[in-house]
Amino acid sequence: MTDAASPSPSAAPQGTSAAQLPPPDGTTDTHEWLEDVTGEKALAWVREHNAAAESELDAVRDPRGSDADEAPLAQTLQREILEILDATDRIPGVVLRGEHLYNFWTDGEHERGLWRRTTLESYRTDAPDWEILLDVDALNEAEGEDWVWHGASLLRPVGLEDGEPYRHALIDLSHGGSDADVTREFDLETLSFVPEAEGGFYRPEAKGSLGWIDVDTVWASTDFGEGTLTSSGYARQARLWSRGTPLDEALLVHEVAENDMAVFAAHDSTPGWERDWVIEAHAFYDNTVHLVDRAQEPPALTTLDVPHDLDATAHRDLGIFAPRSDWEFDGTTYLSGSLVVGDFDSFQRGEPELHVLFEPTESTSLEGMTITKSAVVLTILEDVVHRLEVHTRDEDGAWVSRDLYPELQGSIGVAAVDSDVDDRIWVTVTGFIEPTTLHLGDLSEVAGGGEPGELEIIKSTPARFDTTGLEVSQHFATSDDGTRIPYFEISSTDAVESERPSPTLLYGYGGFEISLTPSYLGAIGKAWLERGGTYVLANIRGGGEYGPRWHQAALKENRHRAYEDFASVGRDLVERGVTDRDHLAVRGGSNGGLLTGNMVTQYPELFGAVIIQVPLLDMKRYNHLLAGYSWMAEYGDPDTEDWEYIRTFSPYHLLREDPERQYPPTFLLTSTRDDRVHPGHARKFAAAMESLGADVRSWENTEGGHGGAATNEQAARMNALLYTFLWSTIGS
């Protein structure tokens, strides 16, 4: 990644006046050649810029090093971050299937990872006895591949209650971390893949999936040939595939329109409540949901009579409905962001008896829902602070609710251990500076009016960085339209008391109804906080911190609100005396990269440095690049009159020559293997900034997919470079 190539003739050297910018109307694109992901000319440009960025950043010395040990800062940070990522005392995330807990694990000795399992009894110990099921590093060596683990699904045995073990698995593997992957059947008895020639299920590389129905049947959604992918590159067709039948002869059950986002199909194997679902995803948060009757020939679909922006599903007898806009149904209006339940079969018969489990307020939203055998656990955000409620039905079927584990402080995650079997739950508790703890709880007595079982601490992680003097506080900035924008600040008491501005890193996302909540900072704590930096997490509109309304407030023509919110947090930090412009940086990735790209172009006077990762930046062409077509519900369609407002937040088209406009030092990072957000966005923006003579550098990992890194070592390198950039720009 450090071998240099001759400069591209289309990229002007930094510091010249030969600006090569796309016109604001998006009619031409000087740098479109950089969209050729694996083209030799484009990759030569990548190698050149990687080498330049690494040469610059690897030369930065660690200010905490002694005169005798002047190690490069990036080298020190990479070692420290990798130690955290590879730590063997991390909490292994597990999923219970039968008598075993399954886990996927990476560390310094297993770069690509191990799929393994143990028992709950062994998991409780400090040194569980793990059975290795698949070694991905060994698989890569044997097959000469670059596989990255994407997950596994197991078929529930017909005789599970009689002790029949899980045997059949479908494993997803990706080349280099891209979204596109393959699915291969795996035998948990022989610990080997079932060869396709011997009837094993195998799905070639594509953006799609296989899902178990029974030992000889799966749902298949994938690339079946010409015309079977949507404009976004996802599967259009849901098919039933029988073992021994060629994939292209699988029975077509449903096909969505080419301009839809994707089709999804799944089988619910809950004993006594088996159901099959097909979902037409027209766009994000815009679905049509069908139940499938496989007993009919051909299989028949029944469409759920609910709005397209309402999430609907069922578990056992319970129908679960989450409207994203006010839902008028059967004489009652259910508010956007609420959670409504009722008997599913009665709902399908047109005899609904619905009950509201949660209704939002101005300060609350529903963050998550976990269903056990007899309880529903709700994770609620109140001004971005977590609390839990548990809802159960009494003997008469009436719903009863109560607070659950009110003593817990921090971010709380809940998952059912096995919702088909019992009422046990995993409860994960973490915070910015509080290491993660995993608990096991039991709600079996709650349904009868009793108390929840006492939480049992199963695992906890040690501190990864020194928190001496660190404090976490929440603040509210005021955006341009008067809206209160919450944000968290993690800083040292020494920094607060000092008259010197603190090097401050502001992080945000603001899209797709994704909430940013406290979580243990780990590598950020080591590379930034422990060295004296301040970290800030902004909860801007476009996210989900206050439910669907918070997201919808920054859609399409209102996208500017997310950027105004983020800028308002930056200003508030300066006004409160936390930092100043020269010591304030921003960081964001994906949609957050679009956010920080707009900070470069619209608010350059506010920030001393900007990090842009795996970003969207060219909003004129984004819908023609990889999965971009599927995001038009979020941003709009630039091929229509929507471009008039989209152009106002397209960073690539907002760059301009202006002697009075000084763009802050900028670092763009992306991945050649990112097949979700095209690496051309980052490449073209860097080239355009460079042609202006701006202070910009670009680094592209050849693996990693949308996450930017395929291994811990790659992640450590990437993060070491970006924190070195921060310390060298705003850290002095």
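See the structure shown above.
Just so you know, the residues in each chain are numbered from 1, in the order the chain's sequence is written. Where local features are concerned, this predicted model is filtered to residues with pLDDT of at least 70; where side-chain atom pairs are given and counted, the filter is 80 or more; whole-chain, interface and lining totals use all residues. To get the side-chain values, take all heavy atoms of the structure and skip hydrogens and water.

Asks: Run through the overall build of the protein chain, naming residues and quoting values.
Replies: A tally of regular secondary structure across the protein chain gives 15 helices and 39 strands. Put simply, the radius of gyration uses C-alpha atoms, and a globule should come to 2.2 Å times the residue count raised to 0.38. Relative to the globule expectation of 27 Å for 732 residues, the C-alpha radius of gyration of the protein chain, 26 Å, shows essentially globular dimensions. Overall, the C-alpha framework of the protein chain stretches about 70 × 55 × 55 Å when taken along its three principal axes. The buried label goes to any residue with under 20% of its type's maximum accessible area, the exposed label to any with over 50%, and the partly exposed label to all in between, with areas taken from a 1.4 Å probe on protein chains only. The buried share among the 732 residues of the protein chain stands at 59%. It only takes one pair of heavy atoms within 4.5 Å for two residues to be counted as in contact. Nonlocal contacts in the protein chain, meaning residues at least 24 apart in sequence, comprise 58% of its contacts between residues at least 6 apart. Method for areas: the Shrake-Rupley scheme with a 1.4 Å probe, in which residue coverage is limited to the protein chains shown. Of the roughly 29600 Å² of accessible surface on the protein chain, 46% is carried by carbon and sulfur atoms. Asp and Glu are treated as the negative residues and Lys and Arg as the positive ones, with His and the ends of the chain left uncounted. Note on charges: their place is set at NZ of Lys, CZ of Arg, CG of Asp or CD of Glu. Between the averaged position of the 55 positive side-chain charges in the protein chain and that of its 129 negative side-chain charges there is a distance of 3 Å. Only runs of H or I of at least four residues qualify as helices and only runs of E of at least two qualify as strands under DSSP, and these elements are numbered from the N terminus.

Asks: Got a sec to walk through the pairing of strand S2 (residues 100–107)? Specific residues and values, please.
Replies: Counting buried residues along S2, six of its eight residues qualify, which places the element largely inside the surrounding structure. By definition, two strands form a pair when at least two bridges between them are found by DSSP. As defined by bridge partners, strand S1 (residues 95–97) adjoins S2 across three bridges and the pair is classed as antiparallel. From the neighbouring strand, Leu96 faces S2, where its bridge partner is Leu101. With six bridges joining them, S2 and strand S3 (residues 110–118) adopt antiparallel strand pairing. Bridge pairing in S3 links Leu101 to Thr118. Where S2 hands over to S3, the hairpin turn is made up of two residues, counted between the paired strands.

Asks: How would you explain the layout of surface pockets if you had to name every residue and give the values?
Replies: As defined here, a cavity is a set of points on a 1 Å grid over the protein atoms alone where a 1.4 Å probe fits but cannot get out. A pocket is an open set with protein on both sides within 12 Å along at least five of seven lines, and residues line them when an atom is within 4 Å of a point. Grid points are joined across faces, edges and corners, and a volume is the space filled by probe spheres set on the points. Put simply, the largest pocket is a space of about 1200 Å³. Of all the secondary-structure elements, those providing two or more residues to the lining of the largest pocket are S1, S2, strand S5 (147–154), strand S10 (209–214), strand S14 (262–268) and strand S24 (364–371). A volume near 990 Å³ is recorded for the second largest pocket. In terms of lining, the second largest pocket is formed by 32 residues, of which the most central are Tyr507, Ser519, Tyr520, Ile524 and Arg587. Those elements that provide at least two residues to the lining of the second largest pocket are helix H2 (73–85), helix H7 (523–529), strand S35 (534–538), strand S36 (584–589), strand S38 (666–671) and helix H15 (712–729). Partitioned by chemical class, the residues of the lining of the second largest pocket number 15 nonpolar, 14 polar and three charged. Classification convention: Asp, Glu, Lys, Arg as charged; Ala, Val, Leu, Ile, Met, Phe, Trp, Tyr, Cys, Pro as nonpolar; all other residues, Gly among them, as polar.

Asks: So what's going on with unusual backbone geometry? Residues and values would help.
Replies: The peptide bond linking Glu297 to Pro298 adopts the cis configuration, its omega dihedral lying at -5°. Positioned with a positive phi, Leu191 is a non-glycine residue whose angle comes to about 55°. Inspection of the secondary structure puts Leu191 in the loop between strand S7 (181–187) and strand S8 (192–193). The class for Leu191 is partly exposed, based on a relative accessible area of 33%. Backbone geometry places Glu513, a non-glycine residue, at a positive phi of 60°.

Asks: Describe the sheet that holds strand S18 (residues 310–315), listing the residues and the values that go with them.
Replies: Ordered in space as S18-S19-S22-S23, the four strands form an open sheet in which the pairing is antiparallel. Bordering the open sheet on either side are S18 and strand S23 (355–358), each of which pairs with just one other strand. Between one strand and the next, the sheet's axes are offset by a mean angle of 25°, whatever the strand orientation. Both strand S22 (residues 339–343) and S23 contribute to a ladder of three bridges, which runs antiparallel. Looking at S23, one finds that Val340 is bridged to Val356. Lines fitted to the C-alpha atoms define the axes, with helices restricted to the stretch that makes contact. Angles between their N-to-C directions range from 0 to 180 degrees.

Asks: Hey, could you go over the pairing of strand S39 (residues 696–701) for me, with residue numbers and the actual values?
Replies: Where burial is concerned, most of S39 is hidden: six out of the six residues are buried. Residues Val696, Ser698 and Glu700 point to one face of S39 and Arg697, Trp699 and Asn701 to the other, with burial holding for every one of them. Alignment of S38 against S39, held across six bridges, turns out to be parallel. Across the sheet, the residue bridging to Phe667 is Arg697, located in S39. Each parallel crossover has a hand, and the one from S38 via helix H14 (residues 680–691) to S39 is right-handed. By convention, orient the strands away from the viewer: a clockwise path from the first strand over the helix to the second makes the crossover right-handed.

Asks: Describe the sheet that holds S2, naming the residues involved and giving the relevant values.
Replies: Taken together, the four strands give an open sheet; going across it, the order is S1-S2-S3-S4, and neighbouring strands pair in antiparallel fashion. In this open sheet, the two strands that pair with only one neighbour each are S1 and strand S4 (131–135). On average, each strand axis in the sheet is inclined to that of its neighbour by 30°, with strand direction left out of account.

Asks: Explain the pattern of salt bridges to me, using residue names and the numbers behind them.
Replies: The salt bridge definition used is simple: a Lys or Arg side-chain nitrogen within 4 Å of an Asp or Glu carboxyl oxygen. A full pass over the atoms with the stated rule returns 44 salt bridges. Glu451 is the salt-bridge partner of Arg402, the closest N and O atoms lying 2.8 Å from each other. Of this pair, Arg402 sits in strand S27 (residues 399–404) while Glu451 sits in the loop between strand S30 (437–442) and strand S31 (456–460); the two residues are 49 residues apart in sequence, bridging distant segments of the chain. Since its relative accessible area comes to 27%, Arg402 is described here as partly exposed. Bridged by salt links that share partners, the residues Asp29, Glu32, Glu35, Asp618, Arg621 and Lys684 form one connected network.

Asks: Go over H14 with me, naming the residues and quoting the values.
Replies: Every α-helix winds through 3.6 residues per turn, so residues three or four apart in the chain are directed the same way. The terminal C-alpha atoms of H14, which comprises twelve residues, lie 16 Å apart, in line with the 16 Å expected from a rise of 1.5 Å per residue. For H14, a buried count of twelve out of twelve residues is recorded, marking the element as mostly surrounded by other parts of the structure. The complete set of buried residues in H14 reads Gly680, His681, Ala682, Arg683, Lys684, Phe685, Ala686, Ala687, Ala688, Met689, Glu690 and Ser691. Elements in contact with the buried residues of H14: helix H1 (40–58), helix H10 (591–602), strand S37 (609–613), helix H13 (651–654), S38 and S39. Two residues or fewer past H14, Gly693 is found with a positive phi of approximately 80°. In this analysis, the expected span of each helix is defined as 1.5 Å times one less than the number of residues it contains.

Asks: Explain the side chain of His706 residue by residue, including any values.
Replies: Mapped onto the elements, His706 comes out in the loop between S39 and H15. Among the residues examined, His706 registers a relative accessible area of 14% and is labelled buried. For His706, the side chain forms a polar contact with the side chain of Ser590, separated by 2.8 Å. Apart from the residues lying within four places of it in its own chain, the contact partners of His706 are Gly177, Ser590, Val614, Asp674, Arg676 and Val677. Polar contact is the term for a pair of N or O atoms within 3.5 Å; when the atoms are in protein, one must be able to donate a hydrogen and the other to accept it, and sequence-neighboring residues count only if both atoms are side-chain atoms.

Asks: Please give an account of the packing of aromatic side chains that cites residues and values.
Replies: Pairing of aromatic rings covers Phe, Tyr and the six-membered ring of Trp, with a centre-to-centre limit of 6.5 Å; geometry is then stacked below 30 degrees between planes, edge-to-face above 60, and tilted otherwise. Applying the stated criterion to the full structure yields 25 aromatic pairs. Between Trp115 and Trp149 the ring centres are 5.4 Å apart and the planes differ by 40°, which places this aromatic pair in the tilted class. Within this pair, whereas Trp115 is found in strand S3, its partner Trp149 is found in strand S5, the two being separated by 34 residues in sequence. On the accessibility criterion, Trp115 (4% relative accessible area) is buried. Under the relative-accessibility criterion, Trp149 is labelled buried at 14%. Arranged with centres 6.3 Å apart and planes meeting at 80°, the rings of Tyr123 and Trp130 form a pair that is edge-to-face. Both residues of the pair, Tyr123 and Trp130, count as buried. Three or more aromatic residues joined by ring pairs form one cluster here, namely Tyr102, Phe104, Trp115, Trp149, Phe186 and Phe193.

Asks: Go over the packing of H1 against H15 with me, naming the residues and quoting the values.
Replies: To describe two helices that pack against each other, one gives the angle between their axes and the distance between the axes. Contact geometry for H1 and H15: axes closest at 10 Å, N-to-C directions at 60°. For the element pair H1 / H15, the angle class is oblique. Here H1 and H15 pass one another in a crossing that is left-handed. Residues Glu54, Leu57 and Asp58 of H1 touch H15, and the partners they reach there are Arg717, Leu721, Thr724, Phe725 and Ser728. Looking at the contact of H1 with H15, its residues break down into three nonpolar, two polar and three charged. Should an angle fall under 35 degrees it is called roughly parallel, over 145 degrees roughly antiparallel, and 65 to 115 degrees roughly perpendicular, with every other angle called oblique. Crossing handedness is read from the near helix: turned anticlockwise from the far helix by less than a right angle, it gives a left-handed crossing, and turned clockwise, a right-handed one.

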